[in-house]
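Given next are the chains, with one letter for each unit.
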Amino acid sequence: MTSFASKVFCRVEKLCHHLPVVLNTFLVFSITGEVSYLVLVEAPLEADQKKTEWSAWWKAVHLLAQYFMLGNICWNALLFLRTSPSIKGVFLGGEGVGQGWRYCYTCETHTPPRCSHCYDCKVCVLRRDHHCVFFGQCVGFRNYRYFLSCLLFMWSGLLYATLMNAEVFIVILKEGVTVHSVLLLLIPWIMLVSGQVSAHAFAFAFIADTCVVGFLLVSAFFFFHLFLMFRGQTTREWYSTRRPYSLGLLGNLRHALGLRWYLCWLCPLIPSPLPGDGINFQVTGSLEPVR
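As the structure is a computational prediction, the values presented were derived from the model and not from experiment.

Reading the values: the criteria
Note that residues are indexed from 1 along each chain, following the sequence as it is written. Whole-chain, interface and lining totals are the exception, using all residues; otherwise, since this is a predicted model, local features are given only for residues with pLDDT of at least 70 and side-chain atom pairs are given and counted only at 80 or more. The side-chain figures draw on all heavy atoms in the structure; neither hydrogens nor water molecules are used. Orientation is described by axes fitted as lines to C-alpha atoms, over the contacting stretch for helices, and by angles from 0 to 180 degrees between their N-to-C directions. Strands here are runs of E lasting at least two residues and helices are runs of H or I lasting at least four, both read from the DSSP assignment and numbered beginning at the N terminus. Orientation is classified from the angle alone, with under 35 degrees giving roughly parallel, over 145 giving roughly antiparallel, 65 to 115 giving roughly perpendicular, and any other angle giving oblique. Contacts are residue-level and defined by heavy atoms, with any inter-residue pair within 4.5 Å sufficient. Here the nonpolar group is Ala, Val, Leu, Ile, Met, Phe, Trp, Tyr, Cys and Pro; Asp, Glu, Lys and Arg are the charged ones; every other residue, Gly included, is treated as polar. Both site types are read off a 1 Å grid over the protein atoms alone. A 1.4 Å probe that fits but cannot get out defines a cavity, while an open set with protein on both sides within 12 Å along at least five of seven lines defines a pocket; lining residues have an atom within 4 Å of a point. Grid points are joined across faces, edges and corners, and a volume is the space filled by probe spheres set on the points. An expected span of 1.5 Å times one less than the residue number is assigned to each helix. When the centres of two rings from Phe, Tyr and Trp lie within 6.5 Å, Trp using its six-membered ring, the rings pair. Their planes under 30 degrees apart give stacked, over 60 give edge-to-face, and anything left gives tilted. Whether a charge sits over a ring depends on NZ of Lys or CZ of Arg being within 6 Å of the ring centre and within 35 degrees of the ring normal. Patch criteria: residues need more than 30% relative accessible area and no salt bridge. Like-charged residues are merged within 9 Å; nonpolar side chains of Val, Leu, Ile, Met, Phe, Trp and Tyr are merged within 5 Å. Where accessible areas are quoted, they stem from the Shrake-Rupley method and a 1.4 Å probe; at the residue level, only the protein chains shown are allowed to cover. The term salt bridge refers to a side-chain nitrogen of Lys or Arg lying within 4 Å of a carboxyl oxygen of Asp or Glu. The buried label applies to any residue whose accessible area, calculated with a 1.4 Å probe on protein chains only, is under 20% of its type's maximum; exposed applies above 50%, and partly exposed to all values in between.

Draft legend 1. Just the packing of helix α7 (residues 199-231) against helix α9 (residues 248-257), in detail. Packing of α7 against α9 brings their axes to within 7 Å, and their N-to-C directions diverge by 115°. Classified by the angle between their axes, α7 and α9 sit roughly perpendicular to one another. Taking contact as the criterion, the partners of Met 229, Phe 230 and Arg 231 in α7 are, on α9, Leu 249, Asn 252, Leu 253, Ala 256 and Leu 257. Partitioning the contact of α7 with α9 into residue classes produces six nonpolar, one polar and one charged.

Draft legend 2. View of empty space enclosed by the protein. Tallying each qualifying case throughout the model produces one cavity of 30 Å³ or more. Taken as a whole, the largest cavity encloses approximately 50 Å³ of empty space. Every residue along the wall of the largest cavity is listed here: Arg 114, Arg 127, Met 229, Gly 232, Tyr 245, Leu 247, Asn 252, His 255 and Ala 256. Tallied by class, the residues present in the lining of the largest cavity amount to four nonpolar, three polar and two charged.

Draft legend 3. Local environment of the side chain of Arg 114. For Arg 114, the location among the structural elements is in the loop between β2 (109-111) and β3 (116-118). The contact partners of Arg 114, leaving out residues within four places of it in the chain, are Val 125, Leu 126, Arg 127, Arg 128, Gly 232, Gln 233, Thr 234, Glu 237, Tyr 245, His 255 and Phe 281.

Draft legend 4. Up close: α7. Counted at 1.5 Å a residue, the expected span for α7 with its 33 residues is 48 Å, and the 47 Å between its end C-alpha atoms agrees. Two residues or fewer after α7 comes Gly 232, characterised by a positive phi angle close to 70°.

Draft legend 5. Examining the packing of aromatic side chains more closely. Counting across every chain of the model gives 16 aromatic pairs. Seen from their ring centres, Trp 155 and Phe 222 are 5.8 Å apart, and the 25° between their planes marks the pair as stacked. One end of the pair, Trp 155, is in helix α3 (residues 144-164); the other, Phe 222, is in helix α7, and 67 residues separate them in sequence. Here a set of aromatic residues connected by ring pairs shows up, and it is made of Phe 80, Phe 135, Tyr 144 and Phe 147. Taking NZ or CZ as reference, Arg 114 lies 4.9 Å from the ring centre of Phe 281, over its face. The ring centre of Tyr 144 lies 5.3 Å from the NZ or CZ of Arg 127, which sits over that ring.

Draft legend 6. Local environment of the layout of surface pockets. In this structure, the largest pocket spans a volume of roughly 1000 Å³. What lines the largest pocket is a set of 43 residues, among which Asn 24, Val 28, Met 154, Leu 158 and Val 218 lie closest to the centre. Secondary structure elements with two or more residues in the lining of the largest pocket: α1 (2-42), α2 (53-82), β5 (130-132), α3 and α7. Its residues assigned to classes, the lining of the largest pocket comprises 32 nonpolar, eleven polar and no charged.

Draft legend 7. Up close: a nonpolar patch on the surface. A cluster of nonpolar residues, Leu 173, Val 177, Val 179, Val 182, Leu 183, Leu 186, Ile 187, Trp 189 and Ile 190, forms a patch on the protein surface that exposes about 860 Å² of accessible area. Here the nonpolar patch gets four residues from one element, more than from any other, and that element is helix α5 (residues 179-186). Positionally, Ile 190 belongs in helix α6 (residues 188-193).

Draft legend 8. Representation of unusual backbone geometry. Of note in this structure, Glu 108 is not a glycine but carries a positive phi near 55°. Located in the positive-phi region is Arg 127, a residue other than glycine, with phi close to 45°. Assignment of secondary structure puts Arg 127 in the loop between β4 (123-125) and β5.

Draft legend 9. Examining the environment of Ala 161 more closely. As for its placement among the helices and strands, Ala 161 is situated in helix α3. With relative accessibility at 2%, the residue Ala 161 sits in the buried group. For the pair Ala 161 and Gln 66, spaced 95 residues apart in sequence, the C-alpha to C-alpha distance is 8.9 Å. Dropping the residues within four chain positions of it, Ala 161 is found in contact with Ile 31, Val 35 and Cys 211.

Okay, here's the thing in structure tokens:
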């Protein structure tokens, strides 16, 4: 009985581990499909513009930009998940243990500065920033570039989707701010179950709401990590108010995104080798927390 329960628990744990990735994938492709429908069918708003050459070019440009952002989101997310930030397969020896090194009793090894153990990933992570619950993996030295690039295109894509969905909000609120329109925007699920709206109206209201909420959340994450990158900090170092590894603005950009930091955000396939090894870091400030 105990072994059966443990097997069930392990399977549920694996399912919960992959659930955020599946949910994010579903939302990304749902938003993309809805915005594609708006571009191809609903826009432009003026009837005399729907069959013009301008309209065809307008749709082509919008679809190209939309799928460029979608491709970058998916490819960066895939490379983020396939790039292990852990100490597995990394030789930590060499010059020996120095300042900032610690012993991890779980992994039973000495770990370099800025490295810490993740109890979700069950391994120590080089230059660990945080464990991303949306991807189910830690953000560390080797995959930080893909994480930040994915946030960039998610932010730009959600901004674009929110602007495109302005038409949805206009249609819902065209008769004024009524109880029905407010409830449709705030609790579309309840309106659908109670039979107050059609499935078509629910789908557009739900995705429009998701775009707005997602844009606000991703904006907070994206600009926070931009702030940390410019300062040469990880999330853990920001909590302790330390900046001992800041190399200046350009140095921090190179350290986080690689030598081609000015190009690598355009496409995840552009090679941008990192200048360090995730083990040795140049100390430019006090290692003690600022009081």
